[in-house]
Amino acid sequence: MNSFVQIAWSNAFVATALALVVFCITRAYRKPALAHCLWILVLLKLVLPPVFSVPLPVSWVPGSGLEGVGAAS
């Protein structure tokens with residue numbers, strides 16, 4: 001389950017970065033057809049499995065097993 005959460009967060013991170021790029025492109029080029037195609041790519045990135053993963057620090061991932069750290073003190 002932990003690897004699933006890592007994959008989901010990595011996929012969300014890449015989709016967010018892609019969405020920011022698409023947002024900038026659609027502000028520069030005001031073409032509805034181009035905007036539609038690019039936003040469909042962002043949507044597909046969110047729902048399809050990741051092609052590559054971005055290594056995220058463990059502290060970013062909720063449920064990474066670090067809940068009990070420091071509880072004994």
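Here goes a summary of the coordinates provided. Everything numeric here is computed off the predicted structure, so don't read it as measured data.

**With respect to the overall build of the protein**
- Looking only at helices and strands, one finds 2 helices and 0 strands in the protein.
- The buried share of the protein, taken over its 73 residues, is 21%.
- Contacts in the protein between residues far apart in sequence, at least 24 positions, make up 67% of those at least 6 positions apart.
- For the protein, the computed accessible surface area is about 5600 Å², with 75% contributed by carbon and sulfur atoms.

**A closer look at helix 2 (residues 32-47)**
- An ideal rise of 1.5 Å per residue puts 22 Å on 16 residues; helix 2 measures up with 23 Å between its terminal C-alpha atoms.
- Within the span of helix 2, buried status applies to Ala35, Leu38, Val42 and Lys45. Buried residues of helix 2 fall within an arc of 85° about the axis and therefore sit on the same side. Exposed and oriented more than 90 degrees from the buried face of helix 2 are Pro32, Ala33, His36 and Val47.
- Taken together, the buried residues of helix 2 touch helix 1 (2-28).

**Side note on the environment of proline 50**
- Locating proline 50 in the fold gives a position in the segment after helix 2.
- With 38 residues separating them along the chain, proline 50 and alanine 12 place their C-alpha atoms 9.5 Å apart.
- When near neighbours in sequence (up to four residues on either side) are disregarded, proline 50 contacts Ile7, Asn11 and Lys45.

**Section: the packing of helix 1 against helix 2**
- Where helix 1 meets helix 2, the closest approach of the two axes is 9 Å, and the angle between their N-to-C directions is 175°. Between helix 1 and helix 2, the crossing angle belongs to the class labelled roughly antiparallel. Of helix 2, the residues touching helix 1 (which contributes Asn11, Val14, Ala15, Leu18, Ala19, Val22, Phe23, Ile25 and Thr26) are Leu34, Ala35, Leu38, Trp39, Leu41, Val42, Lys45 and Leu46.

**Let's talk about the environment of leucine 46**
- Among the secondary structure elements, leucine 46 is positioned in helix 2.
- Leucine 46 gets classed as partly exposed once you look at its relative accessible area, which sits at 49%.
- Distance in space between the C-alpha atoms of leucine 46 and threonine 16 is 9.0 Å, their sequence separation being 30 residues.
- Among all residues touching leucine 46, those that are not within four sequence positions of it are Asn11 and Ala15.

What counts and how
- Residues numbered from 1 in each chain as written.
- Predicted model: local features only at pLDDT ≥ 70, side-chain atom pairs only at ≥ 80, totals over all residues.
- Heavy atoms only, no water.
- Helix = DSSP H or I, 4+ residues; strand = E, 2+ residues; numbered from the N terminus.
- Buried < 20%, exposed > 50% of the residue type's maximum accessible area, 1.4 Å probe, protein only.
- Contact = heavy atoms within 4.5 Å.
- Areas by Shrake-Rupley, 256 points an atom, 1.4 Å probe, with all protein chains shown as cover.
- Expected span 1.5 Å × (residues − 1).
- Arc of directions from axis to C-beta.
- Axes fitted to C-alpha atoms, helices over the stretch in contact; angles between N-to-C directions.
- Parallel < 35°, antiparallel > 145°, perpendicular 65-115°, else oblique.

All quantities given are derived from atomic positions and should not be read as evidence of function.
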